[in-house]
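# Commentary on secondary and tertiary structure
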Amino acid sequence: MMSFLPLSRLFGRKKVLAPTLPEGTRLYVIGDIHGRLDLLNDLERQIKSDLQTAPTDILTVFLGDYVDRGPESAGVLERLSAGDFCTSILPLRGNHEEVFLQFLSDASVLDSWRKFGGLETLHSYGVNVVNAMRGAGYDLAREALVETLPCHHRRFLEETRLSFTLGDYFFSHAGARPGVVLEQQAPEDLLWIRNEFLQYDGAFGKVVVHGHTPTDDPEIETHRINVDTGAYASSVLTALVLEGETRRFLATGRSRGDRG
């Protein structure tokens, strides 16, 4: 009986291509800010310096969670909603922005929101939160925020996107649901998913870049990259820098070298 060698033996194994972006493009991808305007300002200074070697097309993608927990949510939204940044920006929505928007029309949302950073956001807008801390006065707090919230802040929140795709990368706040094509992901999963995504080892067709789950250092897996380094508590706000096939990091608080 005639036998044949596998094609991989005859021609060698197929080279696995590294994920890449279109030529001449650099992305800065910034994780969860959570009201730390000081860290945003610091990281922008690093990006400005880094732009000296940048190609023609430059974009900063923000992965959401601009508000809550930290002390200056209003300040962060003022900077970003005014386009006051050293590059063009593309802001995605996080689950904390989703809850913020829900509160504007439903005061009862504060019963849960106050437990994961909402009071800090209200305080940053000058809203008295004494009663809300005791689980009361939610309607008054909502009315005060609606009256105080600048129109361009609300418009910025409402216009945030749930996901973005470029080259071999897919960007969303929380991740993506395994088994669902990226173009058909449910908003709830893009904003909130955690364990089902984090524990999955398979492929999505693109590398998913996300935040939402804080870690001491960025997580780099074959199918995903997590850039949430818990800025509000750690004072480390991280930017992933993507260009061609290269990946590296900028961060506040400590230096980060190149990583493949």
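Before going into details, it helps to say that this report is about the structure given with it. Keep in mind that what you see is a predicted model, and the values were worked out from it rather than measured.

Let us now look at the layout of surface pockets. If you add up the space inside the largest pocket, you get close to 180 Å³. Around the largest pocket, the lining is made up of 12 residues, and of these Pro19, Lys206, Val207, Thr222 and His223 lie nearest the centre. Across the lining of the largest pocket, the residue classes tally to 7 nonpolar, 3 polar and 2 charged. Taken together, 13 residues form the lining of the second largest pocket, with His34, Arg69, His96, Arg194 and His212 sitting closest to its centre. When the residues that make up the lining of the second largest pocket are grouped by side-chain class, the tally is 4 nonpolar, 4 polar and 5 charged.

A word on the sheet that holds strand 7 (residues 219–220). The 5 strands are arranged 4-5-6-8-7 in an open sheet whose pairing can be described as mixed. Looking at the sheet topology across the chains shown, the edges are occupied by strand 4 (163–166) and strand 7. In this structure, strand 7 lies alongside strand 8 (residues 224–226), joined through 2 bridges in antiparallel fashion. Paired with Glu219 across the two strands is Asn226, which belongs to strand 8.

Residues spaced three or four apart along an α-helix face the same direction, because each turn holds 3.6 residues. Along helix 8 (residues 138–148), the positions that sit buried rather than exposed are Tyr138, Ala141 and Leu145. Seen end-on, helix 8 carries its buried residues on one side only, within an arc spanning 60°. Away from its buried face, by an angle of more than 90 degrees, helix 8 presents the exposed residues Asp139, Leu140 and Glu147.

Criteria and thresholds
Residues numbered from 1 in each chain as written. Predicted model: local features only at pLDDT ≥ 70, side-chain atom pairs only at ≥ 80, totals over all residues. Heavy atoms only, no water. 1 Å grid on protein atoms, 1.4 Å probe; cavity = no way out; pocket = protein on both sides within 12 Å on 5 of 7 lines; lining within 4 Å. Points joined across faces, edges and corners; volume = space filled by probe spheres on them. Nonpolar A, V, L, I, M, F, W, Y, C, P; charged D, E, K, R; others polar. Pairing = 2+ DSSP bridges. Helix = DSSP H or I, 4+ residues; strand = E, 2+ residues; numbered from the N terminus. Buried < 20%, exposed > 50% of the residue type's maximum accessible area, 1.4 Å probe, protein only. Arc of directions from axis to C-beta.

Remember, this is a structural readout, not a statement about activity or role.
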